[in-house]
Amino acid sequence: MSAVIATTGFQAPGVRREPASTATRTRLRLTRRGRIVFTGLAAVPLVIWAFVVVLGAGTAAADIESSGVSFEYTTVGEGDSLWAIAESLDPNADAREVIDEIMRLNGLDDAVVEPGQRLALPVVP
């Protein structure tokens, strides 16, 4: 058994049907250029934050003149090392602790120094 439904196109009063186009929702589609722009806008705060962190973290303690602390300065000579400088600065102290303090004051990443380099030294009482 089969049935055929025929409509006249007229509606009963009070019955409203929505058009089929509004019933289905379309997804937002971004073009390649749109994805690049969207990603770039999202990345701007991250890039600014990275610059602030990198540029703000590189100050050595000896560069801060407003602290009121005085430092002795020395220029590294040919064949000098931080170990030799630390021993001549305070022969009674542990040279490793003095080297750590010199590295912290000058913002050094490692204990390698070059001739002609100017170093701030901690004042030993």
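This text goes with the structure placed above it.
Residues numbered from 1 in each chain as written. Predicted model: local features only at pLDDT ≥ 70, side-chain atom pairs only at ≥ 80, totals over all residues. Heavy atoms only, no water.

Chemist: Would you mind going over the overall build of the protein with me for this structure?
Modeler: Of the regular secondary structure elements, the protein holds four helices and two strands. Listing the helices and strands of the protein from first to last along the sequence gives α-α-β-α-α-β. Within the protein, the fraction of its 125 residues that count as buried is 18%. Just so you have it, the protein exposes about 10,900 Å², and 58% of that area is on carbon and sulfur atoms. (Helix = DSSP H or I, 4+ residues; strand = E, 2+ residues; numbered from the N terminus. Buried < 20%, exposed > 50% of the residue type's maximum accessible area, 1.4 Å probe, protein only. Areas by Shrake-Rupley, 256 points an atom, 1.4 Å probe, with all protein chains shown as cover.)

Chemist: Sorry if this is basic, but what is going on with the pattern of salt bridges here?
Modeler: Two side chains with opposite charge may pair up if their charged atoms get near one another. For the structure shown, the criterion picks out two salt bridges. A salt bridge links Asp94 to Arg96, with the nearest nitrogen and oxygen atoms 3.3 Å apart. On the basis of relative accessible area, Asp94 is assigned to the partly exposed category, the value being 30%. Glu101 is paired through a salt bridge with Arg104; the nearest N and O atoms lie 2.7 Å apart. (Salt bridge = Lys/Arg side-chain N within 4 Å of Asp/Glu carboxyl O.)

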